[in-house]
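# Observations on chain architecture
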Amino acid sequence: MRQILVAGNWKMNGDSATNAELVANILAAVPVSDNVRLLLCPPFTYISAVAAQIAGSKVSLGAQNVSEHSGGAHTGEVAAAMLRDIGCSYAIVGHSERRTLYGETSAQVANKFQAVLDAGMTPILCIGETLQEREAGRTNAVTEEQLDAVLGTSGIAAFGSAVIAYEPVWAIGTGKTASPEQAQDVHRHIRAVLEKQDRAVAATVQILYGGSMKGDNAAGLIAMQDIDGGLVGGASLQAADFLAIAGAAAQN
Ligand code: PEP
């Protein structure tokens, strides 16, 4: 049975005071379930403070982005090993906001994925289609292309140490959520793509859903066979909302 991961992507939100309160409130009510892991992904500037606050708890820490380079003359970039050094065990790569707003290519995303692995961390690879692509019937093709870029660079075995997040772009921050059936169809397809190369890896890799996941829709999504948790944006900024998703996961 795959463990459920509920990951909060805080994006560019919060400050020292609001983060401390958010983390304290989450820590006060982390669901007791060996089958659910919570992960917080603060902005770079607050990672160390959150690391200190969650020390000794069962909550994990991740970054929202990472450099594809390991170090050197890359002004403004943060290397995976640096993130590892300050307590991160995960890093998100290929979030649709990075791909669309900052022009990250699938090749760069693939390099970032490998950089995270090289630092001994777990990459969370985001893939997903736009509304236009869905309406053109290209959802499976697009997610497969995004997956293939990483498979081509890192190989199938790498997915034994990675997480995938299926995030339909039209559902991110829009309040529109994929129905459990819509999401399950794509999750199944993603797993089937991996199965063609390695059945054992495909069976164990966690595939999260992301896109306006909330306390009132999380249970239905996480109940689906191939959905192993959520990558949560907006609803990760309030402890009650995030904990409602975590609670739904714990009851799965
Ligand atoms: C995200 O940013 O990955 C995300 C899923 O955001 P939201 O939950 O706000 O749609």
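Note: the structure precedes this text.
Here goes a summary of the coordinates provided.

What counts, and where the lines are drawn
- Residues numbered from 1 in each chain as written.
- Predicted model: local features only at pLDDT ≥ 70, side-chain atom pairs only at ≥ 80, totals over all residues.
- Heavy atoms only, no water.
- Salt bridge = Lys/Arg side-chain N within 4 Å of Asp/Glu carboxyl O.
- Buried < 20%, exposed > 50% of the residue type's maximum accessible area, 1.4 Å probe, protein only.
- Axes fitted to C-alpha atoms, helices over the stretch in contact; angles between N-to-C directions.
- Helix = DSSP H or I, 4+ residues; strand = E, 2+ residues; numbered from the N terminus.
- Parallel < 35°, antiparallel > 145°, perpendicular 65-115°, else oblique.
- Left-handed = near helix turned anticlockwise from the far one by under 90°.
- Contact = heavy atoms within 4.5 Å.
- Nonpolar A, V, L, I, M, F, W, Y, C, P; charged D, E, K, R; others polar.
- Pairing = 2+ DSSP bridges.
- Near = heavy atom within 4 Å.
- Polar contact = N/O pair within 3.5 Å; in protein donor to acceptor, adjacent residues only side chain to side chain.
- Areas by Shrake-Rupley, 256 points an atom, 1.4 Å probe, with all protein chains shown as cover.
- Expected span 1.5 Å × (residues − 1).
- Core = buried A, V, L, I, M, F, W, Y, C linked by side-chain atoms within 4.5 Å.

Under the counting rule described, the total for this entry stands at 11 salt bridges. In this structure, E104 and K112 form a salt bridge, with 2.6 Å as the shortest nitrogen-oxygen distance. The same class applies to E104 as to K112, namely buried. A salt bridge links E129 to R134; the nearest nitrogen and oxygen atoms lie 2.8 Å apart. On the basis of relative accessible area, R134 is assigned to the partly exposed category, the value being 22%. Through salt bridges that share partners, R2, R188, R191, E195, D226 and D228 make up one connected network.

A few words on the packing of helix α7 (residues 139-154) against helix α8 (residues 180-195). Interhelical geometry of α7 versus α8 gives an angle of 40° and a closest axis separation of 10 Å. Overall, the two elements α7 and α8 adopt an arrangement that is oblique. Considering the relative orientation of α7 and α8, their crossing is right-handed. On α8, the residues that touch T139, N140, T143, E144, L147 and L151 of α7 are V186, H189, I190, V193 and L194. In terms of residue class, the contact of α7 with α8 is made up of six nonpolar, four polar and one charged.

So, about the pairing of strand β7 (residues 206-210). Among the five residues in β7, five count as buried, and that is most of the element. Of the two faces of β7, the one lined by Q206, L208 and G210 and the one lined by I207 and Y209 are each fully buried. Bridging between strand β6 (residues 163-166) and β7 involves four bridges; their strand directions are parallel. Following the sheet pairing, I164 is matched in β7 by I207. Where β7 meets strand β8 (residues 229-232), two bridges bridge the pair, whose relative direction is parallel. Bridge pairing in β8 places G210 opposite L231.

The eight strands lie next to each other as β1-β2-β3-β4-β5-β6-β7-β8, forming a closed barrel whose pairing is parallel. The sheet shows a mean angle of 25° between the axes of neighbouring strands, taken without regard to direction. Bridge count between strand β4 (residues 90-93) and strand β5 (residues 122-127): four bridges; the pairing is parallel. Looking at the pairing, I92 lines up with I124 of β5. The sheet strands contacting helix α2 (residues 47-54) are β2 (36-41) and β3 (60-63), and the helix crosses β3 at an angle near 170°.

With that settled, consider the site of the ligand. Contacts to the ligand come from 14 residues, most closely from K11, E167, G173, S212 and G234. One of the backbone N or O atoms of G233 is found 2.8 Å from an oxygen atom in the ligand. Relative to its unbound accessible surface of 290 Å², the ligand loses 97% to contact with the protein. Split by residue class, the shell around the ligand holds four nonpolar, eight polar and two charged.

Right, let's talk about unusual backbone geometry for a bit. Look at K11: it is not a glycine, yet its phi comes out positive at around 50°. Note on placement: K11 falls in the loop between β1 (4-9) and α1 (16-27). The backbone phi angle of S212 is positive, close to 55°, even though this residue is not glycine. Inspection of the secondary structure assignment puts S212 in the loop between β7 and α10 (218-222). Classification of S212 by relative accessible area gives buried; the value is 9%.

Bringing helix α5 (residues 106-118) into the picture now. With 13 residues, α5 should reach 18 Å at 1.5 Å per residue; the first-to-last C-alpha distance of 18 Å fits that figure. All of the buried residues along α5 are V109, A110, K112, F113, A115, V116 and L117. Against α3 (80-85), β4, α4 (96-101), β5 and α7 lie the buried residues of α5. Once α5 finishes, G120 follows within two positions and takes phi at roughly 80°, a positive value.

With that settled, consider the nonpolar core. The biggest cluster of nonpolar side chains holds 65 residues, and the ones touching the most others in it are L147 and F159. Among the elements that take part in this core, helix α11 (residues 239-250) stands out by supplying seven residues, more than any other. Sequence-distant contacts of F159, that is, excluding residues within four places in its chain, are made with F113, L125, L147, V150, L151, I164, L194, V201 and V205. Within the second largest apolar cluster, 12 residues are counted, among which are I124, V163, A165 and L231.

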